[in-house]
Amino acid sequence: MIARLLGPIVALLLAASPASPAATPAQGTLDTVRGWLGGGSQAELLPPDEAYRLSVRAKDADTLVATFTPAKEYYLYRERIHFSIEDPPGLAIAGVSLPKGDLKEDPTFGKTEVYHRAFEAVIRLSPAGTRADSIKLHASYQGCNEPKGVCYPPIEKTLSVALAGAPAVAGPRTERPDDASEPGRIQRLFAHAGPWALVAAFFGFGLLLAFTPCMLPMIPILSGIIVGQGHHPTKRHALAMSAAYVLGMAITYAAAGVAAGLAGSLLSAYLQSPWVLGAFAAIFVLLALSMFGLYELQVPASLQGALARAGGRFPGGKATGVFLMGALSAVIVGPCVAAPLAGALLYISQTRDAVLGGAALFSMAAGMGVPLLVVGATAGTIVRRAGPWTAAVKRVFGITLLAVAIHLVSPAIPFVAQQLLWAALLIVSAMFLHAIDPLPRDAPGHRRLFKGAGVIALVAGIALLVGALSGSRELLQPLAGLRGAAAPQQGEAAFQPVRNAADLDARLQAARGRYVMLDFWAEWCASCKEMDRITFSDPQVQARLKDVVLLRADVTANNADDRALLRRFALFGPPGIVFFDKQGHELAYRVIGFEPPQKFLASLDRAMTTSAP
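Since the model is a prediction, treat every value here as computed from it, not as a measurement.

S.K.: Explain the overall build of the protein chain to me, using residue names and the numbers behind them.
M.R.: For the protein chain, the count of helices and strands is 21 helices and 17 strands. Here the protein chain holds 613 residues, and 50% of them are scored as buried. Expressed as a percentage of contacts within the protein chain between residues at least 6 apart in sequence, the contacts between residues at least 24 apart total 75%. Surface exposure of the protein chain reaches about 26900 Å², of which carbon and sulfur atoms provide 62%.

S.K.: Help me get a handle on the packing of aromatic side chains, residues and values and all.
M.R.: Across all of its chains, the model carries twelve aromatic pairs by this definition. Here the aromatic rings of Phe-68 and Phe-119 are separated by 5.1 Å at their centres, their planes lie at 15°, and the arrangement is stacked. Linking Phe-68 in strand S2 (residues 63-70) with Phe-119 in strand S8 (residues 119-125), this pair joins segments that are 51 residues apart in sequence. By relative accessible area, Phe-68 is classed as buried at 1%. Judged by centre distance (5.5 Å) and plane angle (85°), the rings of Tyr-75 and Tyr-77 are edge-to-face.

S.K.: Account for the sheet that holds strand S7 (residues 110-115), with residues named and values stated.
M.R.: In a beta sheet, neighbouring strands are held together by backbone hydrogen bonds and run either parallel or antiparallel to one another. Taking strand neighbours across the sheet as the criterion, the five strands line up as S6-S7-S3-S10-S11 in an open arrangement whose pairing is antiparallel. Every interior strand has two partners, whereas the edge strands, strand S6 (102-106) and strand S11 (150-151), have only one. Bridge count for strand S10 (residues 143-145) against S11 is two bridges, and the pairing is antiparallel. When the sheet's bridge partners are listed, Asn-145 is paired in S11 with Val-150.

S.K.: So what's going on with the sheet that holds strand S4 (residues 82-87)? Which residues, and what values?
M.R.: Reading across from one edge, S4-S9-S12 is the order of the three strands in this open sheet, with antiparallel pairing throughout. In the strand order of this sheet, the two ends are held by S4 and strand S12 (155-162), each with one partner. Within the sheet, the average angular offset between the axes of one strand and its neighbour, ignoring direction, is 30°.

S.K.: Describe the state of the cysteines, naming the residues involved and giving the relevant values.
M.R.: Taken as a whole, this structure holds one disulfide when the rule is applied. Covalently, Cys-144 is tied to Cys-151 through a disulfide, its sulfur atoms 1.9 Å apart. The disulfide joining Cys-144 to Cys-151 has a torsion of about 95° about its S-S bond and is therefore right-handed.

S.K.: Quick one: what's the story with the pairing of S6, residue by residue and with numbers?
M.R.: Residues Asp-102, Lys-104 and Asp-106 line the buried face of S6, whereas the alternating positions Leu-103 and Glu-105 sit on a face that is not buried. As paired elements, S6 and S7 share five bridges and run antiparallel to each other. Residue Asp-106 lies in a different strand from S7, and its bridge partner there is Gly-110.

S.K.: Lay out the pattern of salt bridges in plain terms, naming residues and giving numbers.
M.R.: One pass over the full model with this rule turns up nine salt bridges. Measuring nitrogen to oxygen at the nearest pair gives 2.9 Å for the salt bridge that ties Arg-552 to Asp-519. Note that Arg-552 is positioned in strand S15 (residues 549-554) and Asp-519 in strand S14 (residues 516-521), a separation of 33 residues in sequence. Asp-519 carries the same exposure label as Arg-552, and that label is buried. For Glu-586, the salt bridge identified is with Arg-590, shortest N-O distance 2.8 Å. A relative accessible area of 7% means that Glu-586 is categorised as buried. By relative accessible area, Arg-590 is classed as buried at 3%. Through salt bridges with shared partners, a single ionic network connects Asp-519, Asp-532 and Arg-552.

S.K.: Would you mind going over the environment of Glu-586 in detail, with residue names and values included?
M.R.: Residue position: Glu-586 is located in strand S17 (residues 586-592). A sequence separation of 17 residues divides Glu-586 from Phe-569, and the C-alpha atoms of the two residues are 9.6 Å apart. Here Arg-590 takes part through its side chain, which lies 2.8 Å from a polar atom of the side chain of Glu-586.

S.K.: A description of helix H16 (residues 445-469) should follow, citing residues and the corresponding values.
M.R.: The terminal C-alpha atoms of H16, which comprises 25 residues, lie 36 Å apart, in line with the 36 Å expected from a rise of 1.5 Å per residue. Of the positions making up H16, those classed as buried are Lys-451, Gly-454, Ala-457, Leu-458, Gly-461, Ala-463, Leu-464, Gly-467 and Ala-468. Buried residues in H16 make contact with helix H15 (415-432). Of the residues flanking the end of H16, it is Gly-471, one or two places downstream, whose phi is positive at about 100°.

S.K.: So what's going on with helix H9 (residues 274-291)? Residues and values would help.
M.R.: Note: α-helices contain 3.6 residues per turn, so residues at a spacing of three or four share the same orientation. A rise of 1.5 Å per residue sets the reference length of H9, with its 18 residues, at 26 Å; its end C-alpha atoms lie 26 Å apart and thus fit the reference within 8%. Among all positions in H9, only Leu-277, Phe-280, Ala-281, Ile-283, Phe-284, Leu-287, Ala-288, Ser-290 and Met-291 are buried.

S.K.: Outline unusual backbone geometry, supporting the account with residue identities and numerical values.
M.R.: Look at the link from Asp-87 to Pro-88: it is a cis peptide, with omega at 10°. Following the sequence through the fold, Pro-88 ends up in the loop between S4 and strand S5 (93-97). Positive phi, normally seen in glycine, also occurs at Glu-73, with a value near 70°. Here His-434, not a glycine, exhibits a phi torsion of approximately 60°, which is positive. Its place among the elements puts His-434 in the loop between H15 and H16. We classify His-434 as partly exposed; its relative accessible area is 44%.

S.K.: Lay out the pairing of S14 in plain terms, naming residues and giving numbers.
M.R.: Taking burial as the measure, the six residues of S14 include six buried ones, the bulk of the element. The alternating pattern of S14 places Val-516, Leu-518 and Phe-520 on one face and Met-517, Asp-519 and Trp-521 on the opposite face, and all of these are buried. Strand direction decides the pairing type here: S14 and S15, joined by six bridges, are parallel. Residue Val-516 lies in a different strand from S15, and its bridge partner there is Val-549. Of the pairings in the sheet, the one linking S14 to strand S16 (residues 576-580) comprises five bridges and is antiparallel in character. Residue pairing across strands places Phe-520 opposite Gly-576, the latter belonging to S16.

S.K.: Provide a residue-level description of the environment of Thr-556, including the pertinent values.
M.R.: Assignment of secondary structure puts Thr-556 in the loop between S15 and helix H20 (560-568). Placed 145 residues apart in sequence, Thr-556 and Pro-411 show a C-alpha to C-alpha distance of 8.7 Å. Ignoring any residue separated from it by four or fewer positions in sequence, one finds Thr-556 in contact with Trp-521, Ala-522, Glu-523, Trp-524 and Asp-562. Among the polar contacts made by the side chain of Thr-556, one reaches the side chain of Asp-554 at a distance of 2.5 Å.

The rules behind the values
- Residues numbered from 1 in each chain as written.
- Predicted model: local features only at pLDDT ≥ 70, side-chain atom pairs only at ≥ 80, totals over all residues.
- Heavy atoms only, no water.
- Helix = DSSP H or I, 4+ residues; strand = E, 2+ residues; numbered from the N terminus.
- Buried < 20%, exposed > 50% of the residue type's maximum accessible area, 1.4 Å probe, protein only.
- Contact = heavy atoms within 4.5 Å.
- Areas by Shrake-Rupley, 256 points an atom, 1.4 Å probe, with all protein chains shown as cover.
- Phe/Tyr/Trp six-rings, centres within 6.5 Å; stacked < 30°, edge-to-face > 60°.
- Pairing = 2+ DSSP bridges.
- Axes fitted to C-alpha atoms, helices over the stretch in contact; angles between N-to-C directions.
- Disulfide = S-S within 2.5 Å.
- Salt bridge = Lys/Arg side-chain N within 4 Å of Asp/Glu carboxyl O.
- Polar contact = N/O pair within 3.5 Å; in protein donor to acceptor, adjacent residues only side chain to side chain.
- Expected span 1.5 Å × (residues − 1).

Below you can see the structure in the form of structure tokens.
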């Protein structure tokens, strides 16, 4: 549902974005910030190839896409961009489509259109009977450095471009053939929308992404911090703590995103080690135990004194502690990649414009934090209304924090240990709900309701326990193995593992004559698990993939081979799916983030028709 909502929003913003003036107030503000951060005028002019990066790929046999990426403080003249075919003879250009640029009063050319940010030129080839596997494209363009007012002479380049489906590129390349997919549309939003429209759009994306599996664990974390205090916070105090948590999350999310765009990999991928996950899970266990009355977040006394001297009680009483918890949650709890994040990271990696990209990511993180503000204020209100039932509320939050701890540590422990932990949590929860305690005949309705929930939790916990001990490896159907080996079960799609780039090339070579789908996956990626459980296990999806070679790159370890594979496809982390045609050439469509079965089937159809030979 999230993915279906993102597409129309991006399309509407792209359609509604007029050509911006050369220097809008918003752009001026961002330029000022860039100056504060040391991104002001450069001491020397860049070489032409660094000032204006150009890459060209074949969208299909009759269409080329040229991507221009001006450096910061540089621009290109729209009317000075020209293309021609040098080889083979007889092949010509039928037309060139360029997007609208920024209007500029130029002292040399008068009122003209220029490009300050990355853009694409679509080149249509004349189908005059001349066919070739590759062509030589001549490009001519001219631009200037804005603060110094120095203009380059016309730049002439000749590029070799393969037409057989594989995009051939001249010079460094990070742009991939994903213009048809959601990250591609979002990346074009950076090029065409004004800064404030872009920031507003990403705030909306954040609201839509707030309820994805990667973000949901943050709700019990924040609620537990507020409810776990020894005193009863006012509504204003609870809202302030929630704001500190969201601010820490947003700043860290934006900073980590900018670093990922510049470095080429997500910081969170480096933090998915068993030691880091175990330590963070232990914090939540300590928080949860305090909810059950074992202590008031004050054990031992020496630890309490050390933490008090550091500025606050463990781990969230004052704003600093809550801010730090939000920062840690941003990079450890929510490492999955969604389409808006992928588009922003691609923009940052290509233009090195950390200010605009970082502002968009901060706005998206703030949007994701809005529900957390509501939850935090609500939790503060519940605790403020003291009464006998508040102890039960604390136990509920204690259970949710234990669930978050199990969720965090799951990638680092065997599956049977996960089953046993979930079984123990359900059975203990059932005891707190008085599942096996007798009810008096005149018990009120809420006690009967809670006892019923306890009985369900007890049965589910026992089923998980029996399933784990009997060898079943299913969380949702723990007793499926007891039906016998002959019972048919709907499994996931069968993927072949890909360990490195050489392994991928060998498998693509062996798959000639068949379409190939490469899935980037990780044990710590919640959306990847969602794709496995919901999408790849769907009978219609499996039937559609029957004749497709399925490859999977498990990047859980985030080693050198994993990072090299991600960089090869300009991906920053899982989930991401790349498609190849029957000749082993990458197709101009990809899937980023979770997609339900019906949407994924539509993506498969688009992928296999976008650039098919």
